[in-house]
Amino acid sequence: MPDLPLTGGCLCGGVHFEVDAPLVSASYCHCTRCQRRTGTAASVQGRIAPGSLRITRGEELVRAFRPPDGFAKMFCADCGSALWSQSADGEVMSVRLGAFDTDPGIRPSFHQFVAYAAPWEPIPDDGLPRYAERPPA
Ligand SMILES: [Zn+2]
Ligand SMILES: [Zn+2]
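Description of the structure in this document. (Residues numbered from 1 in each chain as written. Chains lettered and ligands numbered in written order. Predicted model: local features only at pLDDT ≥ 70, side-chain atom pairs only at ≥ 80, totals over all residues. Heavy atoms only, no water.)

**Here we look at the packing of aromatic side chains**
Applying the stated criterion across every chain yields a total of 4 aromatic pairs. On the numbers, 5.5 Å between centres and 85° between planes, the contact of Phe 17 with Trp 84 is edge-to-face. Taken as a pair, Phe 17 in strand S2 (residues 16-19) and Trp 84 in strand S8 (residues 82-86) lie far apart in primary sequence, 67 residues in all. Exposure class is identical for Phe 17 and Trp 84. Each is buried. Ring plane angle 70° and centroid distance 5.7 Å describe the contact between Phe 17 and Phe 100, whose orientation is recorded as edge-to-face. Residue Phe 17 is located in strand S2, and its partner Phe 100 is located in the loop between strand S9 (92-96) and strand S10 (111-112); the two are separated by 83 residues in the primary sequence. What makes Phe 17 buried here is its relative accessible area of 0%. The class of Phe 100 is buried, set by a relative accessible area of 8%. Of the aromatic side chains, those joined through ring pairs into one cluster are Phe 17, Trp 84 and Phe 100. (Phe/Tyr/Trp six-rings, centres within 6.5 Å; stacked < 30°, edge-to-face > 60°. Helix = DSSP H or I, 4+ residues; strand = E, 2+ residues; numbered from the N terminus. Buried < 20%, exposed > 50% of the residue type's maximum accessible area, 1.4 Å probe, protein only.)

Structural data, given as structure tokens:
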């Protein structure tokens, strides 16, 4: 297990945060929205325990893209770094694993929305379950 709290932030350093409980799960998302949001083939995120994230610097820089369906996508207004997703009631749901300063102590356990995977990057042969869209509940 990693030492808690985990810390993380954005590329420019304006936003910094702490997570004071172990992450619950992690996964790769290959949906088109995540491709656009990140500029890459997939997004990797970790579900956090409810209420375990605290912004320690730069709260005023945290902006939201709110799609009509699904969670808000939070990012830094200065550098554009993807930070986390947030539900309509403001609860932080999943933190982008690349935003952590150190090993967050969890590994992705599945790939979702692989039906939309980028044609230019093969899904790694890592033995993890792959789901065409969302994993079964
Ligand atoms: Zn930033
Ligand atoms: Zn996605």
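**Examining the coordination of the zinc ion (ligand 2)**
Bound to the zinc ion (ligand 2) are the protein donor atoms Cys 29 (SG), Cys 31 (SG) and Cys 34 (SG), situated 2.1 to 2.2 Å from the metal. Sequence spacing of the donor residues for the zinc ion (ligand 2), all on one chain, is C-x1-C-x2-C. With a relative accessible area of 8%, Cys 34 lands in the buried category. (Donors = N, O, S within 2.8 Å, 3.2 Å for Na, K, Ca; no water.)

**Points about the pattern of salt bridges**
Under the defined criterion, the tally for this structure stands at 3 salt bridges. With a closest N to O distance of 3.1 Å, Asp 69 and Arg 33 form a salt bridge. Within this pair, whereas Asp 69 is found in the loop between strand S6 (62-65) and strand S7 (72-76), its partner Arg 33 is found in helix H1 (residues 32-38), the two being separated by 36 residues in sequence. When its relative accessible area of 45% is taken as the criterion, Asp 69 is described as partly exposed. (Salt bridge = Lys/Arg side-chain N within 4 Å of Asp/Glu carboxyl O.)

**Notes on the side chain of Ser 94**
Mapped onto the elements of the fold, Ser 94 is located in strand S9. When its relative accessible area of 10% is taken as the criterion, Ser 94 is described as buried. For Ser 94, the side chain forms a polar contact with the side chain of Arg 47, separated by 3.4 Å. In this structure, Ser 94 is in contact with Gln 45, Gly 46, Arg 47, Leu 83, Trp 84 and Ser 85, ignoring residues within four places of it in sequence. (Polar contact = N/O pair within 3.5 Å; in protein donor to acceptor, adjacent residues only side chain to side chain. Contact = heavy atoms within 4.5 Å.)

**Some remarks on the coordination of the zinc ion (ligand 1)**
Bound to the zinc ion (ligand 1) are the protein donor atoms Cys 10 (SG), Cys 12 (SG), Cys 76 (SG) and Cys 79 (SG), situated 2.3 Å from the metal. Overall, the relative accessible area of 11% leaves Cys 10 in the buried class. For Cys 79, a relative accessible area of 28% corresponds to the partly exposed category.

**Regarding the sheet that holds strand S3 (residues 25-29)**
What the 7 strands build is an open sheet, ordered S6-S7-S8-S9-S4-S3-S10; its pairing is mixed. Two strands close off the open sheet at either side, each with one partner strand: S6 and S10. Bridge count for strand S4 (residues 43-47) against S9 is 3 bridges, and the pairing is antiparallel. Opposite Arg 47, over in S9, you have Ser 94 as the bridge partner. (Pairing = 2+ DSSP bridges.)

**Topic: the pairing of S4**
Note that S3 and S4 share 5 bridges and pair antiparallel. Among the inter-strand pairings, Ser 27 is bridged to a residue of S4, identified as Gln 45.

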